[in-house]
Amino acid sequence: MGNRLRSSFGTSETAPAAGQGTRIPVVVDAPDPISRAGAASELRRHPVIELVEDGRPGPDTVALLINDHLDEGLLTRMRKLVRSDGSRAVLVVGAIRENELLDVVECGVGAIVWRHEATAHRMVRAVVAASRGDGDLPGDLLGRLINQVGTLHRTSAGHPGGPSSGLTAREADVLRLVSEGLDTGEIAGKLSYSERTVKNVLHGITTRLHLRNRAHAVAYALREGYI
């Protein structure tokens, strides 16, 4: 991947506007009222965001979870939001330990923002990415994820007979380009596919392998040695 590695899985550097008449419902989850009110105030100003004031997440809702650090309670809430409620999740966090990183991705969280970088623009960009099923990770965190998955792959390589992801060559090509930060249109151009084909390939991978989003699919491909 070399120098082509970027900090987001298929998102641009600016927060794109939603389609005309389309707004993204967002629930803010924070441990204290000041953080919750501050994030809500910043997001409310953006025309693409529709705050869900009663705090009830559901399908097509993006949950913005803010905390200084991860704990089991936060991981449990993220799993419920994504797996039971059908929501997307954006994590705004102060720090993530190495042993927590894959747990977060496998919960279904594809967008992470460092708390000290959580400007309104940065949070909106992550919310838009999450609503589309894309990923958006800080560059340093993406590097850590790749290193950690690489370590897991090297460890599992010493145990033959383990399960294989069964990715086709086309699926591996698509995920390789996703890992390099290309969006759907750029991937289609690189591989001479239509954008619909790229979306279908990604949907097929995540559905067949029970993966949560593009970031989880890339992590899986890395762990299986396809990237």
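Residues numbered from 1 in each chain as written. Predicted model: local features only at pLDDT ≥ 70, side-chain atom pairs only at ≥ 80, totals over all residues. Heavy atoms only, no water.

The chain has the name LuxR C-terminal-related transcriptional regulator in an unreviewed UniProt entry, where Streptomyces atrovirens is given as its organism.

Most peptide bonds take the trans configuration, and most residues that are not glycine carry a negative phi. With phi around 60°, serine 192 is a residue other than glycine that occupies positive phi space. By secondary structure assignment, the location of serine 192 is in the loop between helix H7 (184-191) and helix H8 (195-208). In this structure, histidine 210 takes a positive phi of about 60° despite not being glycine. Tracing the chain through its elements places histidine 210 in the loop between H8 and helix H9 (214-223). (Helix = DSSP H or I, 4+ residues; strand = E, 2+ residues; numbered from the N terminus.)

Core analysis: the biggest nonpolar cluster contains 25 residues, and Met78, Leu91, Ile96 and Ile112 have the highest contact counts within it. Mapped onto this core, the elements with two or more residues apiece are strand S4 (62-67), helix H2 (72-84), strand S5 (88-93), helix H3 (98-107), strand S6 (111-114) and helix H5 (139-157). Ignoring anything within four residues of it in the chain, the contact list for isoleucine 96 reads Leu70, Leu91, Leu101, Ile112, Trp114, Leu141 and Arg144. Ala40, Ile49, Met123 and Ala126 belong to the second largest nonpolar core, which has 23 residues in total. (Core = buried A, V, L, I, M, F, W, Y, C linked by side-chain atoms within 4.5 Å. Buried < 20%, exposed > 50% of the residue type's maximum accessible area, 1.4 Å probe, protein only. Contact = heavy atoms within 4.5 Å.)

The buried count for S4 comes to six of six residues, which makes it a mostly enclosed element. The alternating pattern of S4 places Val62, Leu64 and Ile66 on one face and Ala63, Leu65 and Asn67 on the opposite face, and all of these are buried. In this structure, strand S2 (residues 24-29) lies alongside S4, joined through four bridges in parallel fashion. By the bridge assignment, aspartate 29 is partnered in S4 with leucine 65. Here six bridges tie S4 to S5, and the two strands are oriented parallel to one another. Note that in S5 the partner of valine 62 across the bridge is arginine 88. In this region the chain leaves S4, passes through H2 and returns to the parallel neighbour S5; the handedness of that crossover is right-handed. (Pairing = 2+ DSSP bridges. Right-handed = clockwise from strand over helix to strand, strands pointing away.)

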